[in-house]
Amino acid sequence: MKKKKGLMLSSVFATALVLAACGGDDETTTEKPAENTDGTKTEENTNDGGSTAESPTLPSEVTNDGEAIQGGTLQYALVTDSPFQGVFSWELYEDAYDAEILGFMSNVIFDTDGDFLVTDEGIAKLDVDADNNKVTITIQPDEVKWSDGTPLTVEDIIYPYEIIGHPDYTGIRYDDDFKNIIGAAEYKAGKADTISGIKKIDDKTVEISMTKVSPAIYSLGDGLWGYAAPKHVLKDIPVKDLISSDAVRKSPVTLGPFKLDKLVDGESVQFVANEHYFKGKPKLDKVVLQVVPSSSIGEALRTGKYDMASSYPTNQYDGVKDLENLTVLARPELAYSYLGFKLGKWDAKGGEDKTGLNITDENAKMNDANLRKAIAYAMDIEQVGERFYQGLRSRATSLIPPAFASFHDNSLEGYNYDPEKAKALLDEAGYKDVDGDGIREDKNGEKFEIRMAGMSGSDTDEAIVEYYRQNWKDVGLDVQLTTGRLIEFNSFYDKVKADDPEIDMFMAAWGTGTNPSPLGLYGEGASFNYSRFVTPELQALLVDIDSKEAVDPEYRADAFRKWEEYMFEQATTIPTYFRTEIIPVNKRVKNYNANYANDTMDDLQLLELTADAPIK
């Protein structure tokens with residue numbers, strides 16, 4: 001399967017659907033939520049630096065000559081400037097780095113095609129009864145086993161729902177989508193011992209009843225979960241203790257092609273072939289994954305320390321494009337970078353079912369649409385893309401990446417660079433330079449300072465942020481960095497999630513996952529709605545995108561358009577870049593395909609090597 005929404009980090013392996021955050025985007029990116037086979041989103045890292053260059057034309061597939069060796073060990077670099085957290089559970093992990101690691105072990109039950117829609121080729125088959133708002137999930141192969149040899153049963157497909165919906169669940173995936181399952185709210189509130197809408201039919205079949213079934217179901221939306229969980233291992237661990245348990249942190253039992261063998265917390269993982277993998281034992285013996293700083297990955301690939309990397313900074317493209325031991329592949333990312341504004345708070349117990357609600361503050365400093373639009377029009381994004389991103393970033397015009405061809409509207413123009421328009425909007429909003437020092441005061445004539453949070457990462461992150469700060473100063477806005485400097489990835493998202501009062505706006509990125517529906521990022525009950533902006537109009541537009549009427553592709557495309565136009569007018573989330581990821585692959589790796597329709601990372605068991613060590 002492909003990826004899920006979340007915090008961003010560019011991921012080669014996490015192409016299954018998952019919800020997380022992104023990191024670094026050549027400007028500064030990550031909660032790489034990476035996306036996985038269940039359509040979840042990810043926080044991303046926004047930074048990977050850059051230098052001036054023409055946009056490269058790169059392939060998405062490579063076939064290396066040479067006879068494959070028996071077995072062998074793939075050397076894989078997890079590119080991050082922070083230790084990974086080590087939460088090896090699809091239900092509990094939160095960032096793209098853990099998702100990257102989980103990708104080798106999987107647990108995904110559905111397969112998806114090049115349009116990111118569920119097919120009948122995975123562990124489970126999905127049957128949809130839209131008229132009665134029901135879906136049926138059926139385990140297809142005669143025998144699927146966990147990595148410890150225990151057979152997979154339908155109880156393992158049901159158990160993730162019981163984890164996520166449990167009153168003591170500590171994760172972030174109980175959201176508006178999950179509430180679509182009948183009985184989920186009562187179970188979450190402790191009023192029921194089970195989720196009434198989930199019914200076991202037999203050992204291979206489960207039926208799930210929902211309040212609605214929309215086109216999103218085929219992208220693993222509407223509350224459908226794309227992973228299994230080993231109930232025989234987890235059932236005796238209290239849900240509140242799962243995240244600290246050895247079953248999640250040290251020795252996860254999984255369904256994927258590889259299983260965890262050795263772990264150095266935050267630094268490295270050694271995987272060995274899973275002899276019980278339902279597609280057949282992998283041809284590789286091992287995969288060794290190690291954390292590598294973004295500043296070192298180019299040299300590490302050049303000298304043959306690694307075969308592949310989870311992501312590669314575009315500012316270092318010149319350093320690898322001509323190397324004879326590598327082939328550099330590329331593909332559009334299911335992601336976008338953005339500038340977000342803090343307009344309220346997350347109330348963890350604010351919903352009717354006490355599961356969390358975004359609360360917009362009418363008196364928030366940044367709660368003026370003209371102010372936000374002025375900030376957007378003041379940004380010379382094209383110049384930054386040309387100078388720092390080597391053609392691998394382009395100005396984003398909407399909140400739907402071009403990879404979603406059916407829903408991305410090329411006619412939208414977004415916020416082009418127009419400092420005179422920015423000045424006019426600020427004048428209209430009442431932000432004027434009262435004392436003649438070149439810096440505007442607020443509407444009451446008082447000193448006005450905007451505090452912005454950005455992520456540290458590549459060597460050029462600071463230069464890019466300073467360029468934007470100068471853009472804003474040119475129109476009379478004083479923008480200072482939260483904490484006085486760029487912030488380390490994990491700390492950055494900790495502050496953003498906690499609605500730190502020192503943050504007025506923030507630069508981040510989203511890995512959208514393979515489900516284009518924005519409900520999980522912008523809904524009133526979405527913890528990922530970091531701007532905390534909610535209105536009845538916005539909620540209605542989001543619901544319409546995933547409505548029964550949206551089964552008609554033209555209707556759904558129009559619903560996306562209306563939502564994008566509304567978001568443009570509100571300017572609470574400013575899309576900054578659409579992203580292209582580059583994937584350097586050592587030439588001892590045979591037949592690697594990065595295309596979403598034929599991604600080799602969906603069939604890791606077939607991966608082979610032509611030499612005992614990476615070519616230097």
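Just above, that's the structure.
So, here's what we can say about the structure. Just so you know, these numbers come straight off a predicted model, no measurement behind them. Per chain, residues are indexed from 1 in the order of the written sequence. Selection of residues for local features in this predicted model requires a pLDDT of at least 70, selection of side-chain atom pairs for listing and counting requires 80 or more, and totals for whole chains, interfaces and linings are taken over all residues. The side-chain figures draw on all heavy atoms in the structure; neither hydrogens nor water molecules are used.

As for the pairing of strand E19 (residues 505-511)
Burial of E19 is extensive: seven of the seven residues sit out of reach of the surface. In E19, alternate side chains face the same way, and those of Met 505, Met 507, Ala 509 and Gly 511 on one face and Phe 506, Ala 508 and Trp 510 on the other are all buried. One bridge is not enough; two strands pair if DSSP finds at least two bridges between them. Every helix listed is a DSSP run of H or I at least four residues long, and every strand listed is a run of E at least two residues long, numbered separately from the N terminus. Bridge count for strand E13 (residues 326-341) against E19 is seven bridges, and the pairing is antiparallel. Looking at the pairing, Leu 339 lines up with Met 507 of E19. Two strands pair when backbone bridges link them, and strand E17 (residues 449-453) and E19 are joined in this way by two bridges, in the parallel orientation. Within E19, the position partnered with Met 452 by the bridge is Met 505. The buried label applies to any residue whose accessible area, calculated with a 1.4 Å probe on protein chains only, is under 20% of its type's maximum; exposed applies above 50%, and partly exposed to all values in between.

Things to note about the pattern of salt bridges
A pairing counts as a salt bridge when a side-chain nitrogen of Lys or Arg comes within 4 Å of a carboxyl oxygen of Asp or Glu. Going through the model one piece at a time under the given rule, you end up with 36 salt bridges. Residue Lys 212 is joined to Asp 222 by a salt bridge in which the shortest nitrogen-to-oxygen separation is 2.6 Å. With Lys 212 in the loop between strand E8 (205-209) and helix H4 (231-234) and Asp 222 in the loop between E8 and H4, this residue pair connects regions lying 10 residues apart in the sequence. Each of Glu 155, Lys 200, Asp 203 and Lys 231 takes part in a single network of salt bridges with overlapping partners.

Section: the sheet that holds strand E10 (residues 268-273)
With respect to topology, five strands assemble into an open sheet ordered E9-E10-E11-E4-E12, the strand pairing being mixed. Two strands close off the open sheet at either side, each with one partner strand: strand E9 (258-264) and strand E12 (308-309). Strand direction decides the pairing type here: strand E4 (residues 73-79) and E12, joined by two bridges, are parallel. Across the sheet, the residue bridging to Ala 77 is Ala 309, located in E12. Across the face of the sheet, helix H1 (residues 96-105) comes into contact with E4, E9, E10 and strand E11 (286-292) while running at roughly 160° to E4. We call two residues in contact whenever any of their non-hydrogen atoms come within 4.5 Å of each other. Convention adopted: a line fitted to C-alpha atoms gives each axis, helices being fitted over their contacting stretch, and angles between N-to-C directions are expressed from 0 to 180 degrees.

Examining unusual backbone geometry
The backbone of Asp 222 shows a phi angle near 65°, a positive value even though the residue is not glycine. Of note, the phi angle at Thr 483 is positive, near 70°, even though the residue is not glycine. Along the chain, the position of Thr 483 falls in the loop between strand E18 (478-481) and helix H11 (489-497).

Focus: helix H13 (residues 536-545)
Within the sequence span of H13, burial applies to Leu 538, Gln 539, Leu 541, Leu 542 and Ile 545. Seen along its axis, H13 keeps its buried residues to an arc of 160°; they face one direction. Lining the buried residues of H13 we find helix H12 (519-522) and helix H14 (553-570). In this description, the arc belongs to the directions extending from the helix axis to the C-beta atoms.

Let's talk about the nonpolar core
Among the buried residues, those of types Ala, Val, Leu, Ile, Met, Phe, Trp, Tyr and Cys that are joined through side-chain atoms within 4.5 Å form a nonpolar core. Residues Ile 137, Tyr 161, Leu 339, Ile 375, Trp 472, Trp 563 and Tyr 592 are the most contacted members of the largest nonpolar core, which totals 158 residues. The biggest single contributor to this core is helix H2 (residues 154-164), with seven residues. In terms of nonpolar packing, the next biggest core, distinct from the first, is built from 16 residues, Val 79, Val 292, Ile 297 and Tyr 306 among them.

Points about the packing of aromatic side chains
What characterises a pair of aromatic rings is the spacing of the ring centres plus the angle enclosed by the ring planes. What counts as a ring pair is set by centres within 6.5 Å for rings of Phe, Tyr and Trp (its six-membered ring), and what kind of pair is set by the plane angle: stacked under 30 degrees, edge-to-face over 60, tilted for all other angles. One pass over the structure, following the stated rule, counts 28 aromatic pairs. Ring geometry for Tyr 174 against Phe 178: centres 5.4 Å apart, planes inclined by 55°, an arrangement best described as tilted. Residue classification places Tyr 174 among the buried residues on the basis of a relative accessible area of 7%. An aromatic cluster of at least three residues, connected via ring pairs, comprises Tyr 97, Tyr 336, Tyr 338, Phe 489, Phe 492, Tyr 493, Phe 506, Trp 510, Phe 528 and Tyr 530. Over the face of the ring belonging to Tyr 93 we find Arg 173, whose NZ or CZ atom lies 4.4 Å from the ring centre. Of note, Lys 188 hangs over the ring of Tyr 174, and the distance from its end group to the ring centre comes to 4.9 Å. Two limits define a charge over a ring: the Lys NZ or Arg CZ must be within 6 Å of the ring centre, and within 35 degrees of the ring normal.

Details of the sheet that holds E8
In space, the four strands of this open sheet follow the order E5-E6-E8-E7, with antiparallel pairing throughout. The two strands at the open ends of the sheet, each matched to only one other strand, are strand E5 (124-129) and strand E7 (198-202). For this sheet, the mean angle separating the axes of adjacent strands, direction not counted, is 20°. With six bridges joining them, E5 and strand E6 (residues 134-139) adopt antiparallel strand pairing. Paired with Leu 126 across the two strands is Ile 137, which belongs to E6. Across the sheet, H2 lies against E6, E7 and E8, angled at about 175° from E7, the strand it touches most.

Some words on the packing of helix H7 (residues 369-377) against helix H9 (residues 419-429)
Running from amino to carboxyl end, H7 crosses H9 at an angle of 165°, the nearest separation of the two axes being 8 Å. One way to sum up the angle between H7 and H9 is to call them roughly antiparallel. Between H7 and H9 lies a crossing of left-handed hand. Contacts between H7 and H9 pair Asn 370, Leu 371, Lys 373, Ala 374 and Tyr 377 from the former with Pro 419, Lys 421, Ala 422, Leu 425, Leu 426, Glu 428 and Ala 429 from the latter. In this count, Pro and Cys sit with the nonpolar residues alongside Ala, Val, Leu, Ile, Met, Phe, Trp and Tyr, while Asp, Glu, Lys and Arg are called charged and the others, Gly among them, polar. Residues belonging to the contact of H7 with H9 are distributed by class as follows: eight nonpolar, one polar and three charged. Roughly parallel covers angles under 35 degrees, roughly antiparallel covers those over 145, roughly perpendicular covers 65 to 115, and oblique covers all other angles. Two helices cross in a left-handed way if the nearer one is turned anticlockwise from the farther one by less than a right angle. They cross in a right-handed way if the turn is clockwise.

Remarks on the environment of Ala 77
The residue Ala 77 is located in strand E4 in this model. Distance from Ala 77 to Pro 293, taken between C-alpha atoms, is 9.2 Å for residues 216 residues apart in sequence. With sequence-adjacent residues up to four places away left out, Ala 77 is seen in contact with Gln 290, Val 292, Ile 297, Tyr 306, Met 308, Ala 309 and Ser 310.

A look at the side chain of Arg 331
Among the secondary structure elements, Arg 331 is positioned in strand E13. Residue classification places Arg 331 among the buried residues on the basis of a relative accessible area of 3%.

Focus on H2
Most of H2 is tucked away, with nine of its 11 residues classed as buried. Turning to H2, its buried residues number three or more, namely Val 154, Asp 156, Ile 157, Ile 158, Tyr 159, Pro 160, Tyr 161, Ile 163 and Ile 164. Tucked inside the fold, the buried residues of H2 contact E6, helix H3 (184-188), E7, E8 and H4.

As far as function goes, none of this settles anything; it's purely spatial.
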